[in-house]
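Per-entry structural report
The primary structure of each chain is shown beneath.
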Amino acid sequence: QHIIEAREVVLSFGQTPALRGANVAVDAGEIIAIMGPSGSGKSTLLHCLAGILVPDSGEIHFDGSRVDTRTETERSTLRRDHFGFVFQFGQLVPELTAEENVALPLLLAGTRRNDALREARLWFERLGLDGLERRRSGELSGGQAQRVALARGLVARPKILFADEPTGSLDTLTGEQVMELLVAAAREQGTTVVIVTHEARVAASADRHIMVRDGKVTSLVPDRVPS
Ligand code: ADP
Ligand code: ADP
């Protein structure tokens, strides 16, 4: 049983085709890296899988039921309840402290503030962020901010974590550390991870990688990354 699947997904932005019949199926607990050249459709595929974008044609299935036919409100609820997100530039809310940023998904899901903050703080030690709980994003290094963003992506224990170039704004060493933390934390809580990256080193810690070229997935066959 696949936890999430794209079937023959087609999507254009005006005259620009982004996806031309993309197929991918992800198993529960799997860490999959979507690779491919810039402009090939990786982010668009991730946004379709995550219910952010709706394909022009084709189908998206999550946990055995169809997502692309749902309303915007239903998809938004689905994202809030089951998905976590990490993007290239942390996109932390600058007015909030680091711990408030991490607590955000819990607060949006209705958890009481004190409980949400307590849960959020557990992530700081785990990710080597001790003492940074009250900092604002402007007072964090790039690597620290991405780790805070990672904690925010995982704090609500999502079924799937969607990560779009999560190390793209970091130097190689810092990026590797963030990726290691991401993989370790996801495996520990059994979270499925769909990660877009063009860095081979980032993809290497995934269980499987697929290639997107010209809006199509070119390697559908499970293609184990050599360790
Ligand atoms: P990748 O993630 O592989 O770099 P994208 O999925 O971001 O590729 O983009 C695929 C194609 O769709 C590209 O040609 C890109 O320019 C185009 N595209 C992506 N997003 C938009 C948008 N919001 N508006 C117009 N064109 C877009
Ligand atoms: P790109 O992949 O082109 O670099 P991003 O990944 O940073 O762009 O963001 C892509 C789009 O996804 C943005 O337009 C943003 O509005 C949207 N987005 C980001 N996070 C969420 C979310 N949690 N729910 C819905 N939409 C989101």
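To keep things clear, this report deals only with the structure shown in the data block. Being a predicted model, the structure only gives us computed values, none of them experimental.

Quick notes on helix H3 (residues 98-108)
Within the span of H3, buried status applies to Ala-98, Glu-99, Glu-100, Asn-101, Val-102, Ala-103 and Leu-106. On its buried face, H3 is in contact with helix H4 (113-126) and helix H5 (142-154). Just beyond H3, the residue with positive phi is Gly-110, at close to 100 degrees.

Observations regarding the nonpolar core
Ranked by size, the top nonpolar core spans 37 residues in total, and within it Val-102, Trp-123, Leu-140, Val-148, Leu-161, Val-193 and Ile-195 carry the most contacts. If you list the elements that add at least two residues to this core, you get strand S3 (31-35), H3, H4, H5, strand S7 (160-164), helix H6 (172-189), strand S8 (192-196) and helix H7 (200-203). At six residues, the largest contribution of residues to this core is made by H5. Contact partners of Ile-195, with chain neighbours within four places excluded, come to Ile-32, Ala-33, Ile-34, Ala-163, Pro-166, Met-179 and Val-202.

Points about the site of ligand 1
As a matter of local geometry, ligand 1 sits amid Phe-13, Thr-16, Ala-18, Pro-37, Ser-38, Gly-39, Ser-40, Gly-41, Lys-42, Ser-43 and Thr-44. Within the backbone of Ser-40, one N or O atom sits 3.1 Å away from an oxygen atom of ligand 1. The backbone of Gly-41 places a nitrogen or oxygen atom 3.0 Å from an oxygen atom of ligand 1. Bound to the protein, ligand 1 loses 58% of the 560 Å² it would expose on its own. Counting only elements with at least two residues in the shell around ligand 1, the list comes to strand S2 (16-27) and helix H1 (42-49). If one sorts the elements of the shell around ligand 1 by residue count, H1 sits on top with three residues.

Let's talk about the packing of aromatic side chains
Under the criterion given, the structure shown has four aromatic pairs. Measuring from ring centre to ring centre gives 5.1 Å for Phe-62 and Phe-83, while their planes differ by 85 degrees; the resulting arrangement is edge-to-face. In this pair, Phe-62 sits in strand S4 (residues 57-62) while Phe-83 sits in strand S6 (residues 83-86), placing the two residues 21 residues apart along the sequence. Accessibility expressed as a relative area gives 4% for Phe-62, which makes it buried. On the basis of relative accessible area, Phe-83 is assigned to the buried category, the value being 7%. Ring plane angle 75 degrees and centroid distance 5.0 Å describe the contact between Phe-83 and Phe-162, whose orientation is recorded as edge-to-face. Taken together, the positions of Phe-83 in strand S6 and Phe-162 in strand S7 put the pair 79 residues apart, joining distant regions of the chain. Considered together, Phe-83 and Phe-162 belong to a single accessibility category, that of buried residues. Linked through ring pairs, Phe-62, Phe-83, Phe-85, Phe-87 and Phe-162 together constitute an aromatic cluster. Arg-126 extends its terminal NZ or CZ atom over the ring of Trp-123, reaching a point 4.0 Å from the ring centre.

What counts and how
- Residues numbered from 1 in each chain as written.
- Chains lettered and ligands numbered in written order.
- Predicted model: local features only at pLDDT ≥ 70, side-chain atom pairs only at ≥ 80, totals over all residues.
- Heavy atoms only, no water.
- Buried < 20%, exposed > 50% of the residue type's maximum accessible area, 1.4 Å probe, protein only.
- Helix = DSSP H or I, 4+ residues; strand = E, 2+ residues; numbered from the N terminus.
- Contact = heavy atoms within 4.5 Å.
- Core = buried A, V, L, I, M, F, W, Y, C linked by side-chain atoms within 4.5 Å.
- Near = heavy atom within 4 Å.
- Polar contact = N/O pair within 3.5 Å; in protein donor to acceptor, adjacent residues only side chain to side chain.
- Areas by Shrake-Rupley, 256 points an atom, 1.4 Å probe, with all protein chains shown as cover.
- Phe/Tyr/Trp six-rings, centres within 6.5 Å; stacked < 30°, edge-to-face > 60°.
- Lys NZ or Arg CZ within 6 Å of the ring centre and 35° of its normal.

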